[in-house]
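Listed below, chain by chain, are the residues.
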Amino acid sequence: MTYKISKIQYLLYFILVILTYITSSNIVHPLVKWPANKIWYLVFFAATFFLIYGTKAVVSKKIVFPILVLLIYSICVTISYFLNFGILWALIYSLVGGLFYFILFYYFSYLCQNFSVKKLMLPFLVVSVFVLLMSVLVALGYQPNFYLNDSDQLDNYLNLKFGGGLIGFSGIYLNQNSFSIILMISIISIFLIIADGKNFSYKIRFLLFSLLLLSFIFLFLTMSRATIFSSFILFMLFFIRGIRSKLNFYITIFSVFFIISILFIFNDFFNFFLDRIQNDGTSNRIDIWTDAWQVFKKNSYFGVGIYEYINSTGSKLSTHNVYINILVSFGIFAFISWITWIFIGIWKAFLILIKVNFFENKVDIFISLSFLSILIHQFFENTIVNTFTPLALFFIMLIALVINRGKSF
């Protein structure tokens, strides 16, 4: 990339991340969200144009095979949508769930080769600061206006959030699981910026650690079991991997102090969290997965397009498992190609964890563990299947970082 095109690409990337958060937010008015969605498309196509124009479409050897299997996945998804929906909806769905997925990985791979991890995480940090500050206001009593296409579901969420049926703190989001995912992105991006930033002043470091601490507090208050569990696994493995590091020793001491303080201050929340683990079980996930398996057996090759589970009240629920979702929605061929792409990332991540010296490169180790923790998280959620969610965008960036930064040992 030339320097000029490089700057344009980074600006487009920054805008793309911001717009993804806007289009997925429930506090943004539909009159704002609609044009933001259309601008997202324009920015995406502009980024694709400059990618081809600036790089002459040359593909790095590291991503030739991942690009190939992801292209096959995109084709299979497109076939599934055309078999199950009308032409117009099939075109829209296949762009968002297939072609865009493929192009974003290609695009992010080039960004990984031209920008530092700190710069790549910066737009996620900017949005995280806004989300955290607004959520502090909600915790202090501020009630923003929320918007949702389904008015009955909106009322149900609002009753849970403000009517005494609170499951967990959800900040400026209607659902605590959605908020917890944003917090996980916040925690990972802030930690990577701290680890990759060598010349921060004490004031900046203090601010970043304060935001990190606030993200952890809010994450605990969400009571979101999947996100809390995967985040715990992430940091536990990171500390184990660098057990001899003085920094990890200090962080471990701080973490123990932090956890004890949280348990003492938010004792009622902690007891409620334990009760959820003991009594709520899988929140109907077993029933959903059983139904999805029956549907898959009848539509094995190219799936049903979009699988939804209809519960006893008539509400439509997702599979709450991205692997099952891709299998039942798009069929066995799409699943094999997508899971091959994932396993390439897993293989590269394990090579980094085994071979890279912790004291020389904490950043790549944390990126690899973050990527793996999201894969664990997605056993219980279904958030990375399309390109219009912040976690999907963040996940594609992480796997691009893992594959491009990982060496071929």
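Draft legend 1. Molecular detail of the overall build of the protein. Along the protein, the regular secondary structure elements total 16 helices and two strands. Considering the protein as a whole, with its 409 residues, one finds that 51% of them fall into the buried category. The long-range fraction of contacts in the protein, counting pairs at least 24 apart against all pairs at least 6 apart in sequence, stands at 77%. Of the roughly 19,600 Å² of accessible surface on the protein, a fraction of 68% belongs to carbon and sulfur atoms.

Draft legend 2. Quick peek at unusual backbone geometry. Even without a glycine there, the phi angle at M223 is positive, about 65°. Within the secondary structure, M223 is located in the loop between α8 (202-222) and α9 (225-241).

Draft legend 3. Highlighting helix α3 (residues 64-84). Helix length check: α3 (21 residues) gives 31 Å between terminal C-alpha atoms against 30 Å at 1.5 Å per residue, within 8%. Buried within α3 are the following residues: P66, I67, V69, L70, Y73, S74, C76, V77, S80 and Y81. Where α3 is buried, its residues touch α4 (87-114), α13 (322-330), α14 (332-355) and α16 (390-405).

Draft legend 4. Here's a closer look at the side chain of S74. With respect to the helices and strands, S74 occurs in helix α3. Looking at S74, the relative accessible area reads 4%, which means it is buried. A polar contact of 3.2 Å, which involves the side chain of S74, links it to the backbone nitrogen of L99. Aside from chain neighbours lying at most four places away, what touches S74 is G98, L99 and F102.

Draft legend 5. Spotlight on the nonpolar core. Counting 127 residues, the largest nonpolar core has W338 and W341 as the members making the most contacts within it. Counting residues per element, this core draws most heavily on α4, which supplies 14 residues. Setting aside residues no more than four positions away along its own chain, W338 makes contact with Y73, Y101, V322, Y323, I326 and I384.

Draft legend 6. Expanded view of a nonpolar patch on the surface. Together, L71, I75, I79 and L83 give the surface a local cluster of nonpolar side chains, amounting to about 340 Å² of exposed area. Relative to the helices and strands, L83 resides in helix α3.

Draft legend 7. Main features of the packing of helix α12 (residues 285-298) against α13. Look at α12 against α13: their axes get within 9 Å of each other, and the N-to-C directions meet at 30°. One element, α12, and the other, α13, form an angle in the roughly parallel class. Seen along the crossing, α12 lies across α13 with a hand that is left-handed. Across the interface between the two elements, W289, A292, V295 and F296 from α12 touch I324, L327 and V328 from α13. Broken down by class, the residue content of the contact of α12 with α13 amounts to seven nonpolar, no polar and no charged.

Draft legend 8. Representation of the packing of aromatic side chains in the model. Enumeration over the complete set of coordinates arrives at 46 aromatic pairs. Between Y73 and F330 the ring centres are 6.3 Å apart and the planes differ by 75°, which places this aromatic pair in the edge-to-face class. On the criterion of sequence distance, the pair formed by Y73 in helix α3 and F330 in helix α13 is long-range, its members being 257 residues apart. Judged by its relative accessible area of 2%, F330 falls in the buried class. Between the aromatic rings of F169 and F179, the centroid separation amounts to 5.8 Å while the plane-to-plane angle is 85°, which identifies the pairing as edge-to-face.

Draft legend 9. Structural detail: the environment of Y147. Its place among the elements puts Y147 in the loop between α5 (117-139) and α6 (151-162). Placed 27 residues apart in sequence, Y147 and L174 show a C-alpha to C-alpha distance of 9.2 Å. When neighbours within four sequence positions are excluded, Y147 is seen to be in contact with N26, I27, V28, H29, P30 and L154.

Draft legend 10. Representation of the packing of α9 against helix α15 (residues 362-377) within the structure. Following both chains from N to C, one finds α9 and α15 inclined at 150°, their axes separated by 9 Å at the closest point. When the axis of α9 is compared with that of α15, the two are roughly antiparallel. With respect to the hand of their crossing, α9 and α15 are arranged in right-handed fashion. Contacts between α9 and α15 involve A226, T227, F229, S230, I233, L234, F235, L237, F238 and R241 from the first element and K362, I365, F366, L369, S370, S373, I376 and H377 from the second. Residue composition of the contact of α9 with α15, grouped by class: 11 nonpolar, five polar and two charged.

Draft legend 11. A look at the confidence of the model for the protein. On average, residues of the protein carry a pLDDT of 82, and 83% of them reach 70 or more. For the protein, helix α11 (residues 267-279) is the element with the lowest average pLDDT, namely 52, and α5 is the one with the highest, namely 94.

Draft legend 12. Region of interest: the side chain of T227. As for its position among the elements, T227 is in helix α9. Using a relative accessible area of 1% as the deciding quantity, one classes T227 as buried. Leaving out residues up to four positions away in the same chain, T227 has contacts with S180, I181, M184, L219 and H377.

About the cut-offs
Residues numbered from 1 in each chain as written. Predicted model: local features only at pLDDT ≥ 70, side-chain atom pairs only at ≥ 80, totals over all residues. Heavy atoms only, no water. Helix = DSSP H or I, 4+ residues; strand = E, 2+ residues; numbered from the N terminus. Buried < 20%, exposed > 50% of the residue type's maximum accessible area, 1.4 Å probe, protein only. Contact = heavy atoms within 4.5 Å. Areas by Shrake-Rupley, 256 points an atom, 1.4 Å probe, with all protein chains shown as cover. Expected span 1.5 Å × (residues − 1). Polar contact = N/O pair within 3.5 Å; in protein donor to acceptor, adjacent residues only side chain to side chain. Core = buried A, V, L, I, M, F, W, Y, C linked by side-chain atoms within 4.5 Å. Patch = residues over 30% accessible without salt bridge, like charges linked within 9 Å, V, L, I, M, F, W, Y side chains within 5 Å. Salt bridge = Lys/Arg side-chain N within 4 Å of Asp/Glu carboxyl O. Axes fitted to C-alpha atoms, helices over the stretch in contact; angles between N-to-C directions. Parallel < 35°, antiparallel > 145°, perpendicular 65-115°, else oblique. Left-handed = near helix turned anticlockwise from the far one by under 90°. Nonpolar A, V, L, I, M, F, W, Y, C, P; charged D, E, K, R; others polar. Phe/Tyr/Trp six-rings, centres within 6.5 Å; stacked < 30°, edge-to-face > 60°. pLDDT = per-residue confidence, 0-100.

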